[in-house]
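Single-letter residue listing:
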Amino acid sequence: GRVRAAEAGGRSSGRVTDDTRCGGGNTTAIVAAENPYRCENTTMADRFSCMVAACTNGRSAMELEGRAAIVTGAGTGVGKATALSLARRGCAVLVNYSRSRDAAEAVAAEVQAQGVKALAHRCDVADDSACRAMIAAAQAAFGRLDVLVNNAVSRPMKSWSDPAESFEQSMAVNATGLFLMTRAFGNHMAERGSGSIINVGSIQGMVGPDLGLYEGLGMDTPPDYFFHKGGMLMLTRYLARVLADKN
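(A) Up close: the pairing of strand β8 (residues 196-201). For β8, a buried count of 6 out of 6 residues is recorded, marking the element as mostly surrounded by other parts of the structure. On β8, burial covers both faces: Ser196, Ile198 and Val200 on one face and Ile197, Asn199 and Gly201 on the other are all buried. Pairing geometry for strand β7 (residues 147-150) and β8, over 4 bridges, is parallel. Bridge pairing links Leu148 to Ile197 in β8.

(B) Looking closely at the packing of aromatic side chains. Taken as a whole and assessed by the stated rule, the structure comprises 1 aromatic pair. Ring geometry for Phe167 and Phe227: centres 5.5 Å apart, planes at 70°, overall edge-to-face. Within this pair, whereas Phe167 is found in helix α6 (residues 164-192), its partner Phe227 is found in helix α7 (residues 223-242), the two being separated by 60 residues in sequence. Owing to a relative accessible area of 25%, Phe167 belongs among the partly exposed residues under this scheme. Stacked on the ring of Tyr225, the Lys or Arg Arg155 has its end atom at 4.0 Å from the ring centre.

(C) Up close: the environment of Gly208. Tracing the chain through its elements places Gly208 in the loop between β8 and α7. For the pair Gly208 and Phe226, spaced 18 residues apart in sequence, the C-alpha to C-alpha distance is 8.1 Å.

(D) Region of the structure containing the nonpolar core. Counting residues in hydrophobic clusters, the biggest one holds 26 residues, and the most contacted among them are Ile70, Ile135, Met181 and Phe185. The element contributing the most residues to this core is α6, with 7 residues. Beyond its immediate sequence surroundings of up to four residues, Met181 is in contact with Ile70, Thr72, Val125, Cys131, Met134, Ile135, Leu148 and Asn150. With 22 residues, the next largest nonpolar core counts Ala69, Ala83, Val107 and Ile198 among its residues.

(E) Molecular detail of the side chain of Asn151. Looking at the element boundaries, Asn151 is found in the loop between β7 and α6. Residue classification places Asn151 among the buried positions, given a relative accessible area of 10%. Contact partners of Asn151, with chain neighbours within four places excluded, come to Thr72, Gly73, Val78, Gly79 and Val200.

(F) Main features of the packing of helix α5 (residues 128-142) against α6. At a minimum axis distance of 9 Å, the contact between α5 and α6 shows a crossing angle of 40°. Here α5 is positioned oblique relative to α6, judged by the angle of their axes. Handedness of the α5/α6 crossing: right-handed. Taking contact as the criterion, the partners of Asp128, Cys131, Arg132, Met134, Ile135 and Gln139 in α5 are, on α6, Leu180, Met181, Arg183, Ala184, Phe185 and His188. Taken together, the residues of the contact of α5 with α6 sort by class into 7 nonpolar, 2 polar and 3 charged.

(G) How the structure looks around the pattern of salt bridges. This model, assessed by the stated rule, comprises 6 salt bridges. The shortest N-O distance in the salt bridge between Arg192 and Asp146 comes to 2.8 Å. Linking Arg192 in helix α6 with Asp146 in the loop between α5 and β7, this pair joins segments that are 46 residues apart in sequence. Note on Asp146: relative accessible area 3%, which makes it buried.

(H) Inspection of helix α3 (residues 77-88) at higher detail. In a regular helix each residue adds 1.5 Å, so 12 residues correspond to 16 Å; α3 covers 17 Å between its end C-alpha atoms and thus fits that length. Burial runs high along α3: 9 of the 12 residues are buried. Along α3, the residues that are buried comprise Val78, Gly79, Ala81, Thr82, Ala83, Leu84, Ser85, Leu86 and Ala87. Following α3 by one or two positions, Gly90 has its phi on the positive side, about 85°.

(I) Local environment of the packing of α6 against α7. Two elements in contact, α6 and α7, have axes whose closest approach is 10 Å; the angle formed by their N-to-C orientations is 15°. Taken as axis vectors, α6 and α7 run roughly parallel relative to one another. As α6 packs across α7, the resulting crossing turns out to be right-handed. Together, Phe167, Ser170, Met171, Asn174, Leu178, Phe179 and Thr182 of α6 and Asp224, Phe227, His228, Met232, Leu235 and Leu239 of α7 make up the contact between the two elements. Residue composition of the contact of α6 with α7, by class: 8 nonpolar, 4 polar and 1 charged.

The rules behind each value
- Residues numbered from 1 in each chain as written.
- Predicted model: local features only at pLDDT ≥ 70, side-chain atom pairs only at ≥ 80, totals over all residues.
- Heavy atoms only, no water.
- Buried < 20%, exposed > 50% of the residue type's maximum accessible area, 1.4 Å probe, protein only.
- Helix = DSSP H or I, 4+ residues; strand = E, 2+ residues; numbered from the N terminus.
- Pairing = 2+ DSSP bridges.
- Phe/Tyr/Trp six-rings, centres within 6.5 Å; stacked < 30°, edge-to-face > 60°.
- Lys NZ or Arg CZ within 6 Å of the ring centre and 35° of its normal.
- Core = buried A, V, L, I, M, F, W, Y, C linked by side-chain atoms within 4.5 Å.
- Contact = heavy atoms within 4.5 Å.
- Axes fitted to C-alpha atoms, helices over the stretch in contact; angles between N-to-C directions.
- Parallel < 35°, antiparallel > 145°, perpendicular 65-115°, else oblique.
- Left-handed = near helix turned anticlockwise from the far one by under 90°.
- Nonpolar A, V, L, I, M, F, W, Y, C, P; charged D, E, K, R; others polar.
- Salt bridge = Lys/Arg side-chain N within 4 Å of Asp/Glu carboxyl O.
- Expected span 1.5 Å × (residues − 1).

Next comes the structure, spelled out in structure tokens:
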């Protein structure tokens, strides 16, 4: 299987670093320190089309045709763009959502319009049993499951001065949820002997904040985001080694 981390935003220049290669299989941890899609496209969907190609080792559309993926947090934004990019390559998509049902069902309809199967599925990734049930639902709907894109994110913390409860709420989805979803799919991937996990990371998980980077965008730099994106990077490296001998 493949376990990869891809950076998904900011105004950084584009490069992908092949950070960790582990023996015993073809598992590779891809750490995108900056923007992984060396791509001049300006729309989110087109840019994430480039990202999908980068994170699947440059696979052609033919190689993704007939496969199936789960994209967490796929009702809007980055998740939606990723789901549609996969669909354009012939990949069926389970569109995961937690609250935005109408948006997720609309994305599923767009995925189906590309000529592939789609399913909008509600799941709180902080719930272990719900994560495992979503894996089973995807297999039942598509007959197979090849790719997990960990995109879901919760942003309850807005600043350094927010109450501790907001940090705890963030970790429930962004740390615990990431682990639970990855473990559920990782077990499936190990049993199957193949698959790809793509973790949507951030430059903010690799370097300290450049406060000028988001100047004028109305965005702050809350500490929880740096904490869990940095943790995602190390979890990706950990998984690359732990799952390597399971192909």
